[in-house]
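# A closer look at the structure
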Amino acid sequence: MKSASVITEVYEVDGGASDNYAKGSLKYMEHENFNNGVVTSKTIYNEDQSIKGKEVYTFGDNKELASGSKFYGPAGELLSTYKYTYEDTLKSYSHAYAADTDELLRIEGFQYDNKGNMVRKTIFNELKQKQKSFMFGHDQYGNEVKMVLTDQNDDLILSETYEIVTVDDKKRWIEKYGYVNDNPAPATFYHKRRGE
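Residues numbered from 1 in each chain as written. Predicted model: local features only at pLDDT ≥ 70, side-chain atom pairs only at ≥ 80, totals over all residues. Heavy atoms only, no water.

In terms of helices and strands, the protein carries zero helices and 14 strands. Compactness check: the protein gives a C-alpha radius of gyration of 18 Å against a globular reference of 16 Å for 196 residues, within 12% of the reference. For the protein, the spread of C-alpha atoms along the three principal axes comes to 55 × 45 × 40 Å. A buried classification covers 35% of the 196 residues belonging to the protein. A separation of at least 24 residues holds for 19% of the contacts in the protein among residues at least 6 apart in sequence. (Helix = DSSP H or I, 4+ residues; strand = E, 2+ residues; numbered from the N terminus. Rg over C-alpha atoms; globule rule 2.2 N^0.38 Å. Buried < 20%, exposed > 50% of the residue type's maximum accessible area, 1.4 Å probe, protein only. Contact = heavy atoms within 4.5 Å.)

With a phi close to 60 degrees, D102 is a non-glycine residue in the positive phi region. Counting through the fold element by element, D102 comes out in the loop between β7 (90-98) and β8 (104-112). Classification of D102 as exposed rests on a relative accessible area of 56%. One non-glycine residue, K171, adopts positive backbone phi at about 65 degrees. For K171, the location among the structural elements is in the loop between β12 (156-167) and β13 (173-180).

Moving on to the packing of aromatic side chains. A complete count under the given rule lists four aromatic pairs for this structure. Considering the side-chain rings of Y11 and F189, the 6.5 Å spacing of their centres and the 40 degrees angle between planes classify their relative orientation as tilted. Of this pair, Y11 sits in strand β1 (residues 3-14) while F189 is found in strand β14 (residues 188-195), placing the two residues 178 residues apart along the sequence. Ring centres of Y162 and Y190 lie 5.4 Å apart, and the angle between their planes is 90 degrees; on these two criteria the pair is classed as edge-to-face. Of this pair, Y162 sits in strand β12 while Y190 sits in strand β14, and the two are 28 residues apart along the sequence. Residues Y162 and Y190 agree in their burial class; the two are buried. Within the aromatic cluster, the residues linked to one another by ring pairs are Y11, Y177 and F189. Between the NZ or CZ atom of K83 and the centre of the ring of Y97, over which it lies, the distance is 5.3 Å. Its guanidinium or amino end placed over the ring of Y162, K176 lies 4.1 Å from that ring's centre, counting from NZ or CZ. (Phe/Tyr/Trp six-rings, centres within 6.5 Å; stacked < 30°, edge-to-face > 60°. Lys NZ or Arg CZ within 6 Å of the ring centre and 35° of its normal.)

Next up on the list: the environment of Q49. Examined against the element boundaries, Q49 turns out to sit in the loop between β3 (38-45) and β4 (51-59). Leave out the neighbours within four places in its chain, and Q49 touches L26 and M29.

Pairing between β12 and β13: seven bridges, direction antiparallel. Considered in β13, the bridge of T161 is made with Y179. Taken together, β12 and the strand that follows it, β13, pair antiparallel across an intervening segment of five residues, in which K171 is found at a positive phi of about 65 degrees. Note that β13 and β14 share four bridges and pair antiparallel. Considered in β14, the bridge of K176 is made with Y190. (Pairing = 2+ DSSP bridges.)

We now examine the pattern of salt bridges. Once the charged atoms of two side chains with opposite charge are near each other, the side chains can pair. This structure, assessed with the given rule, holds six salt bridges. The shortest N-O distance in the salt bridge between R193 and E9 comes to 2.9 Å. Within this pair, whereas R193 is found in strand β14, its partner E9 is found in strand β1, the two being separated by 184 residues in sequence. Judged by relative accessible area, R193 falls into the partly exposed class, the value being 40%. On the basis of relative accessible area, E9 is assigned to the buried category, the value being 8%. (Salt bridge = Lys/Arg side-chain N within 4 Å of Asp/Glu carboxyl O.)

Structure below.
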């Protein structure tokens, strides 16, 4: 069994004179663990690097496609469970349920391009009413280069365009800047560390 991990960090950007941008304080961090290329868990951290929550993926007979996941709070308490639906090998829906009551909390729907890149994630409430949508654009290597967030009426909430500044030998991004709503100065700095 081949294990690997990916750590993604998102920082604020401190602007300086003459486009001299510096990495500011940590806004978000997540740590994903993989076995044989399949993600098995994801830990999400607060700004102070304390644990915000952990998602552990569950598998049935198919060890390559998770059947769902369980989300735990910082003290290890089970908060919610997720059940996944697939079309071919791509996750099409995720249903979230409250851990204590099995009450449906929300539904997420996913759409992909012909290369398997996710191009849209739509969030629905428990009544299947659309709440918001995330649209994603990718470069020729599958790196995410744009994210657009819209409300239930498809009106723009915000957009973020990514400038990739460092890639690995497989052309996967390592460092990138995020520009919000076409602002000429970057708002966020992203860094990804892969342990393979």
